[in-house]
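Listed below, chain by chain, are the residues.
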Amino acid sequence: MGNQLETILKELIERPSTTNNITSSTEIIDYVYNLLTSVKVAYVKKGAINSFSYLIATTQQPNDRMIWFIGHLDVVPADESMFQLTSDDKNYYGRGVFDMKGMAAAILAAFINLPELEKANVGLMFTTDEEIGGRNGVGALVKDFKGAAAFVLDGSTDFVLQEKIKGVLWLEIVAKGVATHGSRPWLGQSANEELVDYLHQFKAWYKANMPQKAPHNYFTTFNLGKIVGGKATNQVSDEAIASIDIRFVSEEDASKMLEAANSIAKKCRNITVNVLLKDPAIILDVDSPWCKRTIELINTLGITPGDDTHRYAHGSNDGRYLVPLNIPIIVTRPAGGNQHAEGEWVSKEGLAKLEQLCAILMEETKS
C-alpha cells in the first residue's frame, strides 16, 4: 500500500462524519474536492441536497462507456476514540475503515495517481447520507446517469462479488380506534387490539405462503420492527402504529407481500397500510464485460476470494438506485469486520490489493 492511501484514509477517519453531523460531512467532501482539484479532471462538482453534501468528478463528459466508483463518506456514531486511525501488522482500525472510508481511500489513491488521467473514462461519486437511506445522495443524483458499470464497494468481504442483494419494502400499519376509560372498554374501540389482530393475520399468511428457508438464508423475510400504541394504561387506545421491514428476493415476492398486506387490511376494521420505502433487489449480470474482467483481475492479483455465502446479501446499499438503469452493479471489498461496532477493521493487504484493482480498471478505460 502506498503512503498516499494511508494518508487519505487517516484524513477520512479523523473527520467524524456521522450522517447527522452536517458540518463534518461538509468538511469531508471539501477535503475530497481539494484532493481531486489537484489533478486533471474534466469535471468536479460539490454540492448539497437537503443539507447532505456530495461530490461528483469525471475524467470525461459522462457517457455510456464510463465506469463509475460510487461510495459514501458518512458513518454511524462511535466513541470518540474510533475517529483516530490505528493499526497493527495486519489491519487498520477506526470508524469507517470497512464501511466504507477504507474503500473510498483506495478509490481516491488509484484515481489521483493514474498516469494520463485525462485519457481515462471514469466517474467518481461520493455522498454523505447512505446510512439513512441515500435518497438525498445517490438516489437524487442518478436521474441523468450514464455509464457501462458501477463499482459500489460497500458490501461483501474477501473480494467475493455479490450476485444477489435483497430489495427493501417497509410498511407502516396504522390502526384507528375510539378512546375511552380503560375500565369501560365497551364504550370505545381499541386500536391496539385491532393492530394486534392484523399483525397476527399478516404473519400467519407470510408463514403459510412464503418460503421460510433457502440456501444461504436467501429468502424473503418479515420483521416486525416497531409497535407504538396507546397513551396510558387506563385508556383504550385510539391509535396504534406498527412498522414492518420486508427484505425481498424478487419483485414477485414484493408484490405478493404488499397485496397480502392490503387484502388483510380490508378484512380488518380501521386499518391503513402505507408504503414507507420500496427499493429493488440487485441482481448482478455475471456475464457482463466489466464483471468478468473484475473476476479475472482478482485472480491476476493473486487474491483468493472467500466463501460463497457472501455472494448473497440481506442488507442493501446505494447500488439499488442504479437498478432501473440496467447497468452492472459490482459490489465487493477486501477482508474486514465489526461493521457498525467497536473494533471495526479492514485488512491492510486487502486494501492495497483493492487500490491495485481499481487502478487497473481505471487504466483499461483509456481509449
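Residues numbered from 1 in each chain as written. Predicted model: local features only at pLDDT ≥ 70, side-chain atom pairs only at ≥ 80, totals over all residues. Heavy atoms only, no water.

(A) Looking closely at the overall build of the protein. Along the backbone of the protein there are 8 helices and 17 strands. Once the C-alpha set of the protein is aligned to its principal axes, its extents read approximately 80 × 40 × 40 Å. Buried residues in the protein amount to 50% of all 367 residues. Excluding contacts between residues fewer than 6 apart, the proportion of contacts in the protein whose partners are at least 24 apart in sequence is 79%. Charged side chains in the protein number 36 positive and 45 negative. The centres of these two groups are separated by 5 Å. (Helix = DSSP H or I, 4+ residues; strand = E, 2+ residues; numbered from the N terminus. Buried < 20%, exposed > 50% of the residue type's maximum accessible area, 1.4 Å probe, protein only. Contact = heavy atoms within 4.5 Å. Lys, Arg positive; Asp, Glu negative; His and termini not counted. Charge placed at Lys NZ, Arg CZ, Asp CG, Glu CD.)

(B) Structural view of the pairing of strand 6 (residues 122-127). A large share of strand 6 lies buried, amounting to 6 of its 6 residues. Burial along strand 6 is two-sided: Val-122, Leu-124 and Phe-126 facing one way and Gly-123, Met-125 and Thr-127 facing the other are all buried. Both strand 2 (residues 52-58) and strand 6 contribute to a ladder of 5 bridges, which runs antiparallel. What sits directly across from Thr-58, in strand 6, is Gly-123. In this sheet, strand 6 lies alongside strand 3 (residues 67-72) in parallel orientation, the contact comprising 6 bridges. Considered in strand 6, the bridge of Gly-71 is made with Phe-126. (Pairing = 2+ DSSP bridges.)

(C) Spotlight on the pairing of strand 11 (residues 239-248). Counting buried positions along strand 11 yields 7 of 10 residues, so the element is predominantly enclosed. Pairing of strand 9 (residues 167-176) with strand 11, which is carried by 10 bridges, proceeds in the antiparallel orientation. Paired with Glu-172 across the two strands is Ser-243, which belongs to strand 11. Pairing between strand 10 (residues 221-229) and strand 11: 8 bridges, direction antiparallel. Note that in strand 11 the partner of Val-228 across the bridge is Ile-241.

(D) The arrangement of the environment of Val-76 in detail. With respect to the element layout, Val-76 can be found in the loop between strand 3 and strand 4 (86-87). In this structure, the C-alpha to C-alpha distance between Val-76 and Ser-17, residues 59 residues apart in sequence, is 8.3 Å. Contact partners of Val-76, with chain neighbours within four places excluded, come to Thr-18, Arg-95, Glu-131 and His-340.

(E) Fine view of the side chain of Ser-53. Structurally, the position occupied by Ser-53 is in strand 2. The exposure class assigned to Ser-53 is buried, which follows from its relative accessible area of 6%. At 3.2 Å, the side chain of Ser-53 and the side chain of Thr-26 are in polar contact. (Polar contact = N/O pair within 3.5 Å; in protein donor to acceptor, adjacent residues only side chain to side chain.)

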